[in-house]
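An overview of the molecular structure
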Amino acid sequence: MMPFLTDQWYNPSSGYRAAKGVRKALEVAHEQVAELIHAKPTEIVFTGCGTESNNAVLSFLASRSQGDQKIITSAIEHSAILRHAEYLSDRHHLRVEKVGVNSDGRLCLDGFTKAIAGGDAAMASVMWANNETGVIQPIAEACQIAREAGVAFHTDAIQAVGKTVVNVREVPVDYLSISGHKFHAPKGVGAMYIREGLKFEPMLYGGGQEGGRRSGTENVAGIVALGKAAELMKQRLDDDGHAGVAALRDHMEQRLLSELEHIQINGAHDHRTANTSHISFDRCEAAGLLILLDEYGVQCSAGSACMTGKQQPSHVQTAMGISASQAKSSLRISLSIFTTQEDVDAAVEALKKAASKLRSVQGGPGVGPVQVFSRD
Ligand SMILES: Cc1ncc(COP(=O)(O)O)c(C=O)c1O
């Protein structure tokens, strides 16, 4: 990034020779991101964030809808899809149909098939991987169902790209969203994939950057970083598919399961991104756990970062049939490629200490009848 924040400050759209190198850097970033998802460089459009990518695609698809159609999505999407879908439904007289998930957090394909079979869909948007549980969705199947019915298919792949294999040639989605800071690029840069030959009307009009699909002077340093991060993640995925991160996550879960009573790991074990673990701690309010963990030097969250401070159980856990009390005692623990075995072991010790402390105050195992988690 540094050259583009210092001496290579030129506007890539400028005609003078010095700007040529900056234009070239943008071209390279298109190639790097394209390679990560097996797309063509011209199918990649840089944006300001993942939310913008989601909004731009859904806005376009809604704008060409006819009245009384519906937006099909899932019940576990990020608010960058759900809140926007609600807005679009008002603006364009559309209905929003949220297909449920099974108790393992994966999209209910029967429900999705039925929703599509209604024949009144303006679009379908299903996330590739969930941000709270890390659960990877049956995206190839959902895409196929939508394709067979001729329904435009978008995927919010923000939690999947860089963490698991995303190949748009094998899973031929029409539109896909990416966010840089989910795989070590900086915050404030994202991208859209728009399959070659598909129509697209931009959300931002102006100077015609990004092939006229996203006007506005480019965040060159951010885009260059996103490109480099894509290249590095592609390398890692090719090398070991993040097996090292998955092994550390599994080690953490194994230790917690054997050393701490009454916990539950949520979400389909075999269909998760390597870095995410979603755990319920019986008789521990997540809010209390977070405060203690922060004190012990461990930062994690309950639900998504965007939901911090909200008191309701997350819509993702509710959709999975997790009871309100269990949802309020659940944490999302994320690892990264920089997490070490020492970090994980320190986190396990901190979790044990925090849970024991809360249970001794709130009445833990041995103090009264243990409440067994129920699904409601
Ligand atoms: C699944 C998902 N979609 C969308 C977003 C929003 O991305 P951004 O923060 O880049 O706008 C996030 C960010 O947490 C996410 O996890």
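Since this is a predicted model, take the numbers as computed values, not measurements.

Further remarks concern the packing of helix α3 (residues 50–63) against helix α4 (residues 79–92). One can describe the packing of α3 onto α4 by two numbers: an axis separation of 10 Å at closest approach and a directional angle of 25°. The pairing of α3 with α4 is recorded here as roughly parallel in orientation. For the pair α3 and α4, the crossing hand works out as right-handed. Two secondary-structure elements touch here, α3 through T51, N54, N55, L58, S59, A62 and S63 and α4 through A80, I81, H84, L88 and H92.

Now for the sheet that holds strand β8 (residues 263–266). Spatially, 3 strands are ordered β8-β9-β10 in an open sheet, and the strand pairing comes out antiparallel. Edge strands, defined here as strands with exactly one partner in the open sheet, are β8 and β10 (330–334). Pairs of neighbouring strands in the sheet enclose a mean axial angle of 30°, with direction left out of account. Of the strand pairs in this sheet, β8 and strand β9 (residues 276–281) are connected by 4 bridges, and their pairing is antiparallel. The residue of β9 that forms the bridge with I263 is F281.

Here we take up the sheet that holds strand β6 (residues 175–179). If you walk across this open sheet you meet the 7 strands as β1-β7-β6-β5-β4-β2-β3, and the pairing is mixed. A strand with exactly one partner marks an edge of an open sheet, and here the two such strands are β1 (44–47) and β3 (95–99). Strand-to-strand twist in this sheet, taken as the mean axis angle between neighbours without regard to direction, amounts to 20°. Both strand β2 (residues 70–74) and strand β4 (residues 121–125) contribute to a ladder of 4 bridges, which runs parallel. Each residue of the ladder has a partner; that of T73, found in β4, is S125. Its contacts with the sheet place α3 against β1, β4, β5 (153–156), β6 and β7 (190–194), and it is angled at close to 160° to β6.

Let us look at the environment of G111. Among the structural elements, G111 can be located in helix α5 (residues 109–117). Note: C-alpha distance between G111 and A247 (136 residues apart in sequence) is 34 Å.

What follows covers unusual backbone geometry. Unlike most non-glycine residues, H262 shows phi in positive territory, near 55°. Residue position: H262 is located in the loop between α8 (243–259) and β8. Here H262 falls in the partly exposed class, since its relative accessible area comes to 33%.

The two faces of a sheet get side chains in turn, since along a regular strand they alternate between them. In terms of residue burial, β7 counts as a mostly covered element, since 5 of its 5 residues are buried. What you see with β7 is no split at all: G190, M192 and I194 on one side and A191 and Y193 on the other are buried throughout. Where β1 and β7 come together, 4 bridges link them in antiparallel fashion. By the bridge assignment for β7, V45 is matched with M192. Across 5 bridges, the pairing between β6 and β7 is antiparallel. Note that in β7 the partner of L176 across the bridge is Y193.

Below, the discussion takes up the pairing of β4. Counting buried positions along β4 gives 5 out of 5 residues, so the element sits mostly inside the fold. Pairing of β4 with β5, which is carried by 2 bridges, proceeds in the parallel orientation. Each residue of the ladder has a partner; that of A124, found in β5, is F153. Chirality of the crossover, the property in question, places the unit of β4, helix α6 (residues 139–148) and β5 among those that are right-handed.

Further remarks concern the nonpolar core. Counting 54 residues, the largest nonpolar core has I37, F112, W128, F153 and L176 as the members making the most contacts within it. The element contributing the most residues to this core is helix α7 (residues 220–240), with 9 residues. Each residue touching I37, except ones within four places of it in the same chain, is listed here: I44, V161, V166, N167, V168, L176, I178 and Y193. Among the nonpolar cores identified, the runner-up in size contains 27 residues, and M252, A286, I333 and L358 belong to it.

Procedures and definitions
Residue positions are given per chain, counting from 1 as you read along its sequence in written order. Confidence filtering applies because this is a predicted model: local features only for residues at pLDDT of at least 70, side-chain atom pairs given and counted only at 80 or more, and all residues used for totals across whole chains, interfaces and linings. Remark: hydrogens and water are excluded; side-chain values derive from all non-hydrogen atoms of the structure. Interaxial angle, 0 to 180 degrees, is taken between N-to-C directions of lines fitted to C-alpha atoms, where a helix line uses only the stretch in contact. Here a strand is any run of E in DSSP of at least two residues, a helix any run of H or I of at least four, and the numbering for each starts at the N terminus. Roughly parallel covers angles under 35 degrees, roughly antiparallel covers those over 145, roughly perpendicular covers 65 to 115, and oblique covers all other angles. For any helix crossing, the convention is left-handed if the near helix is rotated counterclockwise from the far helix by under a right angle, and right-handed if that rotation is clockwise. Note on contacts: a residue pair is in contact if any heavy atoms of the two residues lie within 4.5 Å. Between any two strands, at least two bridges found by DSSP are needed for them to pair. Classification of residues uses two cut-offs on accessible area relative to the type maximum, computed with a 1.4 Å probe and protein chains only: under 20% is buried, over 50% is exposed, and between them is partly exposed. Clockwise travel from the first strand over the helix to the second, with the strands pointing away from the viewer, marks a crossover as right-handed. Throughout this description, the term nonpolar core refers to a set of buried Ala, Val, Leu, Ile, Met, Phe, Trp, Tyr and Cys residues connected via side-chain atoms within 4.5 Å.

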